[in-house]
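# Architecture at a glance
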Amino acid sequence: MQENDSILTTIATANTDTVAVHTAKPQTPYEVLRLLPKDAMPAQKDSAIQEWFEPQEIHYSNRPDTLHLPGQEIPRDLKEVNLPHYYRENFFSNNSMYHPELSTERVGTSGDPIPYSFKNDSFVTGILILCFLLITFTLSRISEFLLRQTKQFFSTQKSEQSITETGSEIKFQFLFLFITCLLYGLLYYFYTTHFIANTFILSSEYILLAIFGGTILGYFAIRIVLYSIVNNIFFNNKKNLHFLGSQLLMSSLEGVALFPLVLLVAYFQFSLQNAIYYAITILILAKILTFYKSYAIFFNQKGGFLQIFLYFCALEMIPLMMLWSGLLVITENLKVNI
């Protein structure tokens, strides 16, 4: 109390020269602060307010809220469990912003989507990494065998002799054949999404890629079966095995030649049109080598010049045209027509 008395004495003496001393009790803290000198400390202001005012307990009203439209009944509490649903409805009940637990659409103008790029596709990247690992592993295991088979490929003196192949070498050659089908499927997938359509009825475009690769793999399988049936009828088993080894070799070399092309298209923005010319060139060279090997093994005797054309067209060109037509039909049926 001595401190409070000193404050009141200070208030009275400080205002004696300028303003008359207030005898009435201040009604607000503002009036108390006006009695203090301008250089009063915050602690002195707090003491002065506590001297004049005593805190009292706050009593809130228990009366119901009657602020509602005239003529309407008193509103019911929304916290009631048995409250009918129509009491809870209001103008904002169906507004998505009123329900944060529900997903809402973005507000504003959407920006332009990022264009699709092969190099940003993790699935295509994974396939190419897998192909690279398989090619590297296969070449490390049968590189010497492939070199010997390549040297004998253009040999005309011993065309009926074939290099002895082990079971593992045959398996690795079929693995190369699978890689070739996968790379052709990727190239046709790039061609389809760029020139034909980029929206399909499938749930995932990777299913479309699997369909293309499976179709090309079926083409190679059917071609091998047709060659085996026809050659077993007209030629001996030794020539058939020699020709089958040559076919597997050419398919393996096709895969090796296509792999850099797919990498250029996917990651280095190589022109897809030039890539198509490159792939067609590889395919034409493979067919020319197939024609040459068929003639060297089966039709090198006199009078077999006409038969080689019938043989080649029936077992090479017709299945190839059927493959291309089938891929176009599949693409046309699966794409979304706008």
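Residues numbered from 1 in each chain as written. Predicted model: local features only at pLDDT ≥ 70, side-chain atom pairs only at ≥ 80, totals over all residues. Heavy atoms only, no water.

Turning to the nonpolar core, a few remarks are in order. Inside soluble globular proteins, nonpolar side chains tend to come together where they are buried. The biggest cluster of nonpolar side chains holds 48 residues, and the ones touching the most others in it are Leu-183, Leu-186, Phe-190 and Leu-258. Looking at this core, the elements with two or more residues in it are helix H5 (122-153), helix H6 (167-196), helix H7 (205-234), helix H8 (237-267), helix H9 (272-298) and helix H10 (305-334). Per element, the largest residue contribution to this core is 13 residues, and it comes from H6. Those residues within four positions of Leu-186 in sequence are excluded, and the remaining contacts are Val-124, Ile-127, Leu-128, Leu-209 and Val-262. With 9 residues, the next largest nonpolar core counts Tyr-227, Phe-235, Phe-243 and Ile-308 among its residues. (Core = buried A, V, L, I, M, F, W, Y, C linked by side-chain atoms within 4.5 Å. Buried < 20%, exposed > 50% of the residue type's maximum accessible area, 1.4 Å probe, protein only. Helix = DSSP H or I, 4+ residues; strand = E, 2+ residues; numbered from the N terminus. Contact = heavy atoms within 4.5 Å.)

Attention shifts here to H9. For H9, with 27 residues, the first-to-last C-alpha span of 38 Å sits near the 39 Å given by 1.5 Å per residue. Every buried residue of H9 is listed here: Leu-272, Ala-275, Ala-279, Ile-282, Ala-286, Lys-287, Thr-290, Lys-293, Ser-294, Ala-296, Ile-297 and Phe-298. The inward-facing, buried residues of H9 contact H5, H6, H7, H8 and H10. (Expected span 1.5 Å × (residues − 1).)

So, on to the side chain of Thr-192. Inspection of the secondary structure assignment puts Thr-192 in helix H6. When its relative accessible area of 0% is taken as the criterion, Thr-192 is described as buried. Beyond its immediate chain neighbours, meaning those up to four positions away, Thr-192 contacts Ala-197, Phe-200, Phe-212 and Thr-331.

The subject of this paragraph is the packing of H6 against H7. Following both chains from N to C, one finds H6 and H7 inclined at 130°, their axes separated by 8 Å at the closest point. Our classification of the angle between H6 and H7 gives oblique. Crossing handedness for the pair H6 and H7: right-handed. Note on element contacts: H7 touches H6 through Glu-205, Leu-208, Leu-209, Phe-212, Gly-213, Ile-216, Leu-217, Phe-220 and Ile-224, opposite Phe-174, Leu-177, Phe-178, Cys-181, Tyr-184, Gly-185, Leu-186, Tyr-188, Tyr-189 and Thr-192. (Axes fitted to C-alpha atoms, helices over the stretch in contact; angles between N-to-C directions. Parallel < 35°, antiparallel > 145°, perpendicular 65-115°, else oblique. Left-handed = near helix turned anticlockwise from the far one by under 90°.)

Now for the layout of surface pockets. In this structure, the largest pocket spans a volume of roughly 670 Å³. Around the largest pocket sit 25 residues that line it, and Tyr-184, Ala-279, Ile-280, Leu-283 and Trp-324 are the ones nearest its centre. For the lining of the largest pocket, the elements supplying multiple residues, two or more each, are H6, H7, H9 and H10. Sort the elements by how many residues they give to the lining of the largest pocket and H9 lands first, with 10 residues. Broken down by class, the residue content of the lining of the largest pocket amounts to 22 nonpolar, no polar and 3 charged. (1 Å grid on protein atoms, 1.4 Å probe; cavity = no way out; pocket = protein on both sides within 12 Å on 5 of 7 lines; lining within 4 Å. Points joined across faces, edges and corners; volume = space filled by probe spheres on them. Nonpolar A, V, L, I, M, F, W, Y, C, P; charged D, E, K, R; others polar.)

It is worth spelling out empty space enclosed by the protein at this point. One simple way to see leftover space: roll a probe sized like a water molecule over the atoms. Throughout the structure, instances matching the rule amount to 3 cavities of 30 Å³ or more. Here the largest cavity defines a volume of roughly 50 Å³. Considering the residues around the largest cavity, the lining is formed by Arg-223, Gln-247, Met-250, Ser-251, Glu-254, Ala-286, Lys-287 and Thr-290. When residues of the lining of the largest cavity are traced back to their parent elements, those giving at least two are H8 and H9. Element by element, the count of residues in the lining of the largest cavity is highest for H8, at 4 residues.

Residues at a pLDDT of 70 or more form 78% of the chain, whose mean pLDDT is 79. A low-confidence stretch, residues 1-22 (pLDDT under 50), is modelled with 16 contacts involving residues beyond four sequence positions or located in other chains. (pLDDT = per-residue confidence, 0-100.)

Where H7 meets H10, the closest approach of the two axes is 11 Å, and the angle between their N-to-C directions is 160°. In terms of axis orientation, H7 runs roughly antiparallel to H10. Judged by the twist between their axes, the crossing of H7 over H10 is right-handed. In this structure, H7 uses Leu-208, Ile-211, Phe-212, Thr-215, Ile-216, Tyr-219, Arg-223, Leu-226, Tyr-227, Val-230 and Asn-231 to contact H10, whose residues at the interface are Tyr-311, Leu-315, Glu-316, Pro-319, Leu-320, Leu-323, Leu-327, Ile-330, Thr-331 and Leu-334. When the residues that make up the contact of H7 with H10 are grouped by side-chain class, the tally is 16 nonpolar, 3 polar and 2 charged.

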